Amino acid sequence: MGLIFERDDDDNDVVLVPPANFSMVEDGIFRSALPQPPNFPFLETLNLRSIIYLCLEPYPQENMEFLRAHNIKLFQFGIEGKTEPSVSILKDTIMEALKVLIDVRNHPVLIHCKRGKHRTGCLVGCFRKLQNWCLGSVFEEYQHFAGVKSRINDLKFIEAFDVSCLRQCLYSIIYQYHGYGSNKRRLLYREDNIQKQIKSN
């Protein structure tokens, strides 16, 4: 995605610069590399509620100040970037991150690691399996963002990731159609449904 121009109150063109590797994953879900200060005006247009950060390093101070100023919640799930994490650790971490990702109360949400390629690609790839994407399409999307630095171990992890485990862990979540006239399938907490039923009774 290239530069975006927006007019301010004085009819001047304001250049909005998306973070590297920025893309929309699904309605209310975005992905990118680590946002830099020049990207902050663009992020403001997304009206984010939360960010899923997949690095071990502390979140940059400038970014933290931006989050505080816009009441954006940070969810950090540290995954080693330079060395391959153990499969069990990676599986547990991705599982926890997915729980945050599919909760629509955290949307709009931005997923990112440092470059928006490998760790972000693994999380999105597992999310696609939850959406019942075919494996070929999942791999194609991962490789589109990873480019020549595509990691075979990431692809093996995505292929082996068992989404049925996530469904069992999140037995309280059900698929529902959500939105006005929208046929897009969304995930909502059953407890929200129960509260609505109690109120209606």
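Throughout what follows, the structure given in this document is the object of discussion. (Residues numbered from 1 in each chain as written. Predicted model: local features only at pLDDT ≥ 70, side-chain atom pairs only at ≥ 80, totals over all residues. Heavy atoms only, no water.)

With respect to the environment of Leu98
For Leu98, the location among the structural elements is in helix H3 (residues 87-101). It is 8.2 Å that separates the C-alpha atoms of Leu98 and Cys126, two residues lying 28 residues apart in sequence. Excluding residues that lie within four positions of it along the chain, Leu98 makes contacts with Leu123, Cys126, Phe127, Phe161 and Leu166. (Helix = DSSP H or I, 4+ residues; strand = E, 2+ residues; numbered from the N terminus. Contact = heavy atoms within 4.5 Å.)

With respect to the sheet that holds strand E6 (residues 73-79)
Strand order in the open sheet made by the 5 strands is E3-E4-E7-E5-E6, with mixed pairing throughout. Edge positions in the sheet fall to strand E3 (23-26) and E6, since each of these pairs with one other strand and no more. Strand-to-strand twist of the sheet, defined as the mean angle between neighbouring strand axes without regard to direction, takes the value 25°. The sheet contact formed by strand E5 (residues 50-55) and strand E7 (residues 109-112) spans 4 bridges and is parallel. Bridging from a neighbouring strand, Ile52 pairs with Ile111 of E7. (Pairing = 2+ DSSP bridges. Axes fitted to C-alpha atoms, helices over the stretch in contact; angles between N-to-C directions.)

Overview of helix H6 (residues 152-160)
Every buried residue belonging to H6 is among Asp154, Leu155, Phe157 and Ile158, and all of these are buried. One face of H6 carries all of its buried residues, which in axial projection span an arc of 160°. For H6, the exposed residues lying more than 90 degrees away from the buried face are Ile152 and Ala160. (Buried < 20%, exposed > 50% of the residue type's maximum accessible area, 1.4 Å probe, protein only. Arc of directions from axis to C-beta.)

Details of the nonpolar core
By size, the foremost hydrophobic cluster in this structure holds 51 residues, and its most contacted members are Ile52, Leu54, Ile94, Leu98, Leu101 and Leu123. With 7 residues, H3 is the largest single contributor of residues to this core. Apart from the residues lying within four places of it in its own chain, the contact partners of Ile52 are Phe75, Phe77, Ala97, Val100, Leu101, Val109, Leu110, Ile111, His112 and Leu123. (Core = buried A, V, L, I, M, F, W, Y, C linked by side-chain atoms within 4.5 Å.)

Quick look at the side chain of Asn39
Note on placement: Asn39 falls in the loop between strand E4 (29-32) and helix H1 (40-44). For Asn39, a relative accessible area of 6% translates into the label buried. A distance of 2.8 Å separates a polar atom in the side chain of Asn39 from the backbone oxygen of Val17. In this view, Asn39 contacts Val17, Pro18 and Pro19; residues no more than four positions away in its chain are not counted. (Polar contact = N/O pair within 3.5 Å; in protein donor to acceptor, adjacent residues only side chain to side chain.)

Quick word on unusual backbone geometry
Cis peptide bonds are those with omega within 30 degrees of zero, and the linkage from His107 to Pro108 qualifies with -5°. Mapping Pro108 onto the fold places it in the loop between H3 and E7. The residue Asn47 is not glycine, and still its phi comes out positive at about 55°. Among the secondary structure elements, Asn47 is positioned in the loop between H1 and E5. Positive phi values are uncommon outside glycine, yet Asn71 reaches one of about 55°. Looking at the element boundaries, Asn71 is found in the loop between helix H2 (61-69) and E6.

As for the packing of aromatic side chains
A complete count under the given rule lists 5 aromatic pairs for this structure. Summarising the aromatic geometry, the rings of Phe40 and Phe66 are spaced 4.6 Å apart at their centres and angled 20° between planes, so their arrangement reads as stacked. Residue Phe40 is located in helix H1, and its partner Phe66 is located in helix H2; the two are separated by 26 residues in the primary sequence. Under the relative-accessibility criterion, Phe66 is labelled buried at 6%. Geometrically, the ring pair formed by Phe157 and Phe161 is tilted, given 5.8 Å between the ring centres and 50° between the ring planes. One aromatic cluster in this structure is built from Phe22, Phe30 and Phe42. Its guanidinium or amino end placed over the ring of Phe145, Arg31 lies 3.7 Å from that ring's centre, counting from NZ or CZ. (Phe/Tyr/Trp six-rings, centres within 6.5 Å; stacked < 30°, edge-to-face > 60°. Lys NZ or Arg CZ within 6 Å of the ring centre and 35° of its normal.)

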